[in-house]
Amino acid sequence: MDAIERDWAGLLPELVQIIAGKIVDIFDFIRFRAACKTWRSITTMSQFFPWILSRRYGPGLRFYSIAFEKSFTIPAPKCANKDFFSPCCGTMLVQSGTRHFLSLINPLNNGNVSLPLIINSDLEWIGSRSFQNGDHVVLKGSDNRLHVLMPGGIRWIPMEGESQSTYFYSNNLLYIVNTLFWNTKVINLNTRETVFVVPPPSDIATLPTGGIDFMIWRPPTLIESSGEILHVTYAYELKKFVIHRLEVGNSKGNPHWVEVRNIGDRMLFIDFHHNGGDFSLRATDICGSNFKGNCIYFIRIRKNLPSNYRCSYAVERYDIESTTTECIYIQDGYITWYLPDFCKPHV
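Think of each chain on its own: its residues are numbered from 1, step by step along the sequence as written. Side-chain atom pairs in this predicted model are given and counted only at pLDDT of 80 or more, local residue features only at pLDDT of at least 70, and totals for whole chains, interfaces and linings cover all residues. Hydrogens and water are ignored here; the side-chain numbers use all heavy atoms of the structure.

Per an unreviewed UniProt entry, the recorded name for the protein chain is F-box protein skip23, and the organism is Rhynchospora pubera.

*Asks:* What am I meant to see in the sheet that holds strand β3 (residues 70–75) here?
*Replies:* In spatial order, the strands read β3-β2-β1-β25; together these 4 strands make up an open sheet with antiparallel pairing. Because the sheet does not close on itself, it has two edges, and the strands there are β3 and β25 (335–338). Pairs of neighbouring strands in the sheet enclose a mean axial angle of 35°, with direction left out of account. A pair of strands is considered paired only if DSSP assigns at least 2 bridges between the two. Numbered from the N terminus, helices here are DSSP runs of H or I no shorter than four residues, and strands are runs of E no shorter than two. Axes here mean lines fitted to C-alpha atoms, for a helix over just the part in contact, with angles spanning 0 to 180 degrees between N-to-C directions.

*Asks:* Help me out: how do you make sense of the pattern of salt bridges in this one?
*Replies:* If the charged atoms of two oppositely charged side chains come close together, the side chains can form a pair. Any Lys or Arg side-chain nitrogen located within 4 Å of an Asp or Glu carboxyl oxygen qualifies as a salt bridge. One pass over the full model with this rule turns up 9 salt bridges. Arginine 245 is paired through a salt bridge with glutamate 228; the nearest N and O atoms lie 4.0 Å apart. In this pair, arginine 245 is assigned in strand β18 (residues 240–247) and glutamate 228 in strand β17 (residues 228–235), connecting sequence segments 17 residues apart. When a residue's accessible area, from a 1.4 Å probe over protein chains only, is under 20% of the maximum for its type it is buried; when over 50% it is exposed; and in between it is partly exposed. Arginine 245 sits in the partly exposed class, given a relative accessible area of 21%. Since its relative accessible area comes to 24%, glutamate 228 is described here as partly exposed. What you see here is one network of salt bridges that share partners, running through Glu228, Arg245, Glu247 and Arg266.

*Asks:* It is not clear to me how the environment of arginine 155 should be interpreted in this structure. Could you clarify?
*Replies:* By the secondary structure assignment, arginine 155 is in the loop between β10 (146–149) and β11 (157–159). Between the C-alpha atoms of arginine 155 and isoleucine 118, which are 37 residues apart in sequence, the distance is 8.6 Å. In contact with arginine 155, other than residues within four places in its own chain, are Pro116, Val148 and Leu149. Note on contacts: a residue pair qualifies if any of its non-hydrogen atoms lie within 4.5 Å across the two residues.

*Asks:* Sorry if this is basic, but what is going on with the sheet that holds strand β16 (residues 221–225) here?
*Replies:* Two modes of strand pairing occur in sheets, parallel and antiparallel, and in both the strands are linked by backbone hydrogen bonds. Strand order in the open sheet made by the 4 strands is β16-β17-β18-β19, with antiparallel pairing throughout. Lying at the two open borders of the sheet, with one neighbouring strand each, are β16 and β19 (256–260). On average, each strand axis in the sheet is tilted by 35° relative to the strand beside it, whichever way the strands run. Judged from the 5 bridges that link them, β18 and β19 form a sheet pairing that is antiparallel. If you follow arginine 245 over to β19, its bridge partner there is valine 258.

*Asks:* Honestly, the layout of surface pockets in this entry has me stumped. Any pointers?
*Replies:* If a probe the size of a water molecule is rolled over the atoms, the empty space left behind becomes visible. Of the two site types, the cavity is a set of points on a 1 Å grid over the protein atoms alone where a 1.4 Å probe fits but cannot get out, and the pocket is an open set with protein on both sides within 12 Å along at least five of seven lines, each lined by residues with an atom within 4 Å of a point. Grid points are joined across faces, edges and corners, and a volume is the space filled by probe spheres set on the points. In this structure, the second largest pocket spans a volume of roughly 190 Å³. Lining of the second largest pocket is provided by Arg218, Tyr234, Tyr236, Lys239, Phe272, His273, Phe298, Arg300, Ile301, Glu316 and Thr325. No other element matches the 3 residues that strand β22 (residues 295–303) contributes to the lining of the second largest pocket. Of the residues contributing to the lining of the second largest pocket, the split by class is 5 nonpolar, 2 polar and 4 charged. Under the scheme applied, nonpolar residues are Ala, Val, Leu, Ile, Met, Phe, Trp, Tyr, Cys and Pro; charged residues are Asp, Glu, Lys and Arg; polar residues are all the others, including Gly.

Below you can see the structure in the form of C-alpha cells.
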C-alpha cells in the first residue's frame, strides 16, 4: 500500500499553535519553526522570553528561562572576551580592544553593527531601543558628558549631561530625571530643544529643601508600556512600589504624573543595576506559570560579599495588588534581562 503524502504546511493554524505550545525546549522550537514558512509565520518565539543573561567571558552566553526553569548556553563567538552593557531589544553594546571600539551584537544570530570610534571609558548605555530601525544611540561617559549617534550617523555628537541624574530614551526623546528633586526634563534629540519639564509626582513627600528623601525612596525608573511612560519607584520603609503615568497635558496644558494602582495584564521588568534594560510585556504572551500580570519583576543584589567574592543576585516578583514580594531566582554573579527584538516589548 502506497504511503499517503500529507501537506504538513497546510495543517490548520490552530493545530500548529497547539503543537508549538507543547514544545518546551528552545532548540526544538527553533527546528519546529524552521520546518516551513507557514509554521514560522504562525508561531512566535516570544513565548520563551524574557531570559536572564549571566555576564561571562568566553564564546558562549548563558541564559536562564524563568518560564521553564531551565538554563542553556548559546554560542556567541563575537561576544567572546568583550565587555558588554545592558542588553536592549535583542542587541548588546560591547567593547573590545582598548575599550574604544564599540559594536552592537545580536547574540542569537551573531549580527554585528560597528559603531564609530569613541575615546572614553566607563561608558553607560542609555539607548537605543532599536538601533537598526532608526533610533539614536546614547552613551554617558564617566564625566557626565553624553555622546549621541544620530540615525545613520558616522560620528558621535557631544552633548552636555547633568550630574546626579538618570536617563531614559524613547522615540527620539531623552528623559533626564534629577535624582535629588525628581523633576524630569524631556529633550528632543533631533533639535536639542527642551520639550517640557515634568515636576515630581505631587503625592511624593518632599523635604523642606524641596528634594526627595533618598533614605525613604529609591530613585525612579522610567519604562515605556502600552504607549505610556511609567514612573516607577520603591518606598523602602513601606516595602512597596509606587507607579505613576505621564500625562503630557491637562486643562492647563501642564505635563504631570498620575498615580497608577493597577496595570492589568502587563508585567514590568526592571534591572536596578543597569540603565536602559527595562521593559514591559503582557502575561498572556508568555508561556509558563511563573509569570502573571499586574506584577513587577526586578533584579537586585541579594547580599554583599567580600571583595574577592562575587555578589549574589536575585530576581523577585512584586504583586501590585497584594503589595507582596517573593524571590523566584537566585544566582551568584552578575545577571540582567535579555529580550530579543522580535518580542516587541513595548506593548
